[in-house]
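# Survey of secondary and tertiary structure
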There are 2 protein chains.
Amino acid sequence: MTQNTQPKSVANQLFLTDEQLRKGTEAMFFAYRGFTADPDRILADRGYGRAHHRAVHFIHRSPGTTVNNLLNILGVTKQSLNRVLRTLIADGLVSSHVGQKDKRERHLHLTDAGVALEQSLSNAQRDRMRTAYKAAGAEAVAGFRQVLEAMMDEDMRHQYEALKDKNE
Amino acid sequence: MTQNTQPKSVANQLFLTDEQLRKGTEAMFFAYRGFTADPDRILADRGYGRAHHRAVHFIHRSPGTTVNNLLNILGVTKQSLNRVLRTLIADGLVSSHVGQKDKRERHLHLTDAGVALEQSLSNAQRDRMRTAYKAAGAEAVAGFRQVLEAMMDEDMRHQYEALKDKNE
DNA sequence: TTGGAATGTCAACAAGGCTGACGTATTCTG
DNA sequence: CAGAATACGTCAGCCTTGTTGACATTCCAA
C-alpha cells in the first residue's frame, strides 16, 4: 500500500520508507531484549521479575510516592501492583507509611536493602547503556532520545517529562 | 540545547553521566509501551497476544522458516512457541508442512488470512513509527538506530543483521 | 544397525497481566 | 451532618506466556 519506489523529489524522505520503518521496528524488538537482559538475571536469582524491578525503580525515583501515583506511572491495575508490593514489603525492601496529611494514602520508600537491590539493578542496566552510548557517540544519543520521546503516548510523555528533570 | 560552559574534555562526556543514562533507561521503558500499544489493541480484539504478533512477524519476514529457526530469533522455549503456533495453525493463519529434505522439520508460512493480520499489525506499528521518525528527522533516526544496535546482545545483533538487508 | 542428537508435541506449573466484587478508612461536598 | 467520592487492600478467577519434564519421530554416524 505505501510502497516507496519514488523519484528524487522525495530522496530526502528516504528514511521514511516501509523498509526503514521495519528495520526500526526490529531494532526496537532486539534492543529491548538486551536492555532488560542484565537486570532480569539479577532478579531471577532472588525470585523476582520485571514487575518488581519497575516498582523498585520508580519508588527510588520518587521516594514517598503513593500507590495511586505508582499505578499511573506503571500503567497496571492496583491488584497487579499490590501483589508485587506485598512481596517487596514482606521481604523488607519497601516500607509503607500512612500519609500525614491524607491518612488514606500510603507513602512508599525503599529500605536500605531495597536501595541495595535498586543499585545492583541500575548499575547492570547502566553499564550496558553506557557501552552503547559510548559506541554510538553523543550525537547519536541525542537522536535516540528524540525518536523515543516521539514514540511515546501523550500521557506517558507527560509522565516522562515530569520525571525527566527532577534531579538536576 | 547543549550548553557548553564546561572544559572540552568534560563537555564531550556529558552524555555519559548517570543522570543521562537514567533518562535513557526511562525513555526506553515509556517508548516501548507506545511501540507495542497499537498492535496490542488489534491483537486483543482477536484474542491474541504479543507472542502471536512476534511469530506472525518473523514468519512473514522469513517464509518457510522452521520452528527451530524461529526459536532462535524469538528467544523463547520451543514449548512456549509451540502453543502460539498451534493456535495460529488451528485458526488458519499459519500453515506448517513437513520438510522435504529433513522430515523432522516443519516449514512455516502465512496463509492469506495470516498475511492480512500481519498487514494490519505492521501498518499500525509503522504509523506510529513514521510519525515519530518524521517528528525527529533523518539525523535523529540514524542516531536512534545506532544506539539500539549497540544495545543488543552479540547474538541478537547477528540475528538482526542477518534479517536487516534481506529485502533490499 | 543401533544409539545418540535433533526436531517437534503434549502436560503441568508459575508469574504477572486482567476484570469484578467487596470491605474499610478517610475526605470532600451539598 | 449524611452521603458521595477517594485511596487502598484483598479475594476469586481468568488469560497469556514464560518455564521444565516426558515422549515420539527422524536422522546420522559409529
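See the structure printed just above.
Now for a look at the structure at hand. Just so we're clear, the structure is a prediction, and the values are computed from it rather than from any experiment.

## Some words on the interface of chain A and chain B
Contact residues are listed per partner, giving 63 residues for chain A and 62 residues for chain B. Between chain A and chain B the total buried area reaches about 6,300 Å² when both faces are included, carbon and sulfur atoms providing 70% of it. It is A:Phe15, A:Phe30 and A:Met151 that lose the most area in chain A upon contact with chain B, and together they represent 11% of the buried surface on that side. Between chain A and chain B we count 8 salt bridges in total. The closest approach of N and O atoms between B:Arg126 and A:Asp18, which form a salt bridge, is 3.5 Å. Across the chain A-chain B interface, the total number found is 17 residue pairs in polar contact (both at pLDDT 80 or more). Sorting the residues of the side of chain A that touches chain B by element identifies α1 (18-45), α2 (50-61), α3 (67-74), α5 (112-136), α6 (138-151) and α7 (154-164) of chain A as the ones contributing at least two each. Looking at the side of chain A that touches chain B residue by residue, the class counts come to 32 nonpolar, 13 polar and 18 charged.

## Quick notes on the protein's contact with DNA strand D
What surrounds DNA strand D is a group of 25 residues, the closest being A:Lys78, A:Arg104, B:Arg50, B:Arg54 and B:Arg83. A share of 56% is what sugar and phosphate atoms reach among the atoms of DNA strand D within 4 Å of the protein. At 3.0 Å from a phosphate oxygen of DNA strand D is found a side-chain nitrogen or oxygen belonging to B:His52. Measuring from a base oxygen of DNA strand D, one finds a side-chain N or O atom of B:Arg83 at 2.6 Å. At the level of secondary structure, the elements contributing two or more residues to the surface near DNA strand D comprise α3 and α4 (78-90) of chain A together with α3 (50-61) and α5 (78-90) of chain B. The residue makeup of the surface near DNA strand D, split by class, is 3 nonpolar, 10 polar and 12 charged.

## Topic: the sheet that holds strand β3 (residues 106-110) of chain B
Residue and element names in this part refer to chain B. If you trace the 3 strands from one edge of the open sheet to the other, you get β1-β3-β2, paired in antiparallel fashion. In this open sheet, the two edge strands, each paired with only one partner strand, are β1 (65-66) and β2 (94-98). In the sheet, β1 pairs with β3 via 2 bridges, with the strands oriented antiparallel. Residue pairing for β3: Thr65 is matched across the bridge by Leu108.

## A few points about the protein's contact with DNA strand C
Around DNA strand C, a shell composed of 25 residues is seen, among which A:Arg54, A:Arg83, B:Asn68, B:Lys78 and B:Asn82 lie nearest. Restricting the count to atoms of DNA strand C within 4 Å of the protein gives a sugar and phosphate share of 59%. In the environment of DNA strand C, a phosphate oxygen lies 2.3 Å from a nitrogen or oxygen atom belonging to the side chain of B:Asn82. In the environment of DNA strand C, a base nitrogen lies 3.3 Å from a nitrogen or oxygen atom belonging to the side chain of B:Arg104. Of the residues that constitute the surface near DNA strand C, the class distribution is 3 nonpolar, 10 polar and 12 charged.

## Let's talk about the nonpolar core
With 88 residues, the main nonpolar core has A:Met151 and B:Met151 as its most contacted residues. Dropping the residues within four chain positions of it, B:Met151 is found in contact with A:Ala31, A:Gly34, A:Phe35, A:Arg128, A:Met129, A:Ala132, A:Phe144 and B:Met28.

## Examining the packing of aromatic side chains
With the rule as written, the count across this model stands at 15 aromatic pairs over all chains. With centroids separated by 6.0 Å and ring planes inclined at 80 degrees, the aromatic side chains of B:Tyr133 and B:Phe144 adopt a geometry described as edge-to-face. Linking B:Tyr133 in helix α6 (residues 112-136) with B:Phe144 in helix α7 (residues 138-151), this pair joins segments that are 11 residues apart in sequence. Judged by relative accessible area, B:Tyr133 falls into the buried class, the value being 0%. Feature note: the residues A:Phe29, A:Phe30, B:Phe58 and B:Tyr160 constitute an aromatic cluster, connected by ring pairs.

## Describing the sheet that holds strand β2 (residues 94-98) of chain A
Here 3 strands make up an open sheet; going across it, the order is β1-β3-β2 (chain A) and the pairing antiparallel. The open sheet terminates on both sides in strands that have one partner only, identified here as β1 (65-66) and β2 of chain A.

## Quick notes on the relation of the copies chain A and chain B
Note on the identical chains: chain A maps onto chain B by a rotation of 179 degrees and an axial translation of 0.0 Å, with an RMSD of 0.2 Å. These values place the two chain copies in the arrangement generated by a two-fold rotation axis. The rotation axis passes nearest to the C-alpha of A:Phe144 in chain A, at a distance of 1.9 Å. Take the interface residues of chain A: 97% of them recur as interface residues in chain B, which is what a same-surface contact looks like.

Conventions we followed
Residues numbered from 1 in each chain as written. Chains lettered and ligands numbered in written order. Predicted model: local features only at pLDDT ≥ 70, side-chain atom pairs only at ≥ 80, totals over all residues. Heavy atoms only, no water. Contact = heavy atoms within 4.5 Å. Buried area = accessible area lost by both parts, 1.4 Å probe. Salt bridge = Lys/Arg side-chain N within 4 Å of Asp/Glu carboxyl O. Polar contact = N/O pair within 3.5 Å; in protein donor to acceptor, adjacent residues only side chain to side chain. Helix = DSSP H or I, 4+ residues; strand = E, 2+ residues; numbered from the N terminus. Nonpolar A, V, L, I, M, F, W, Y, C, P; charged D, E, K, R; others polar. Near = heavy atom within 4 Å. Pairing = 2+ DSSP bridges. Core = buried A, V, L, I, M, F, W, Y, C linked by side-chain atoms within 4.5 Å. Buried < 20%, exposed > 50% of the residue type's maximum accessible area, 1.4 Å probe, protein only. Phe/Tyr/Trp six-rings, centres within 6.5 Å; stacked < 30°, edge-to-face > 60°. Least-squares fit on C-alpha atoms with pLDDT ≥ 70 in both.

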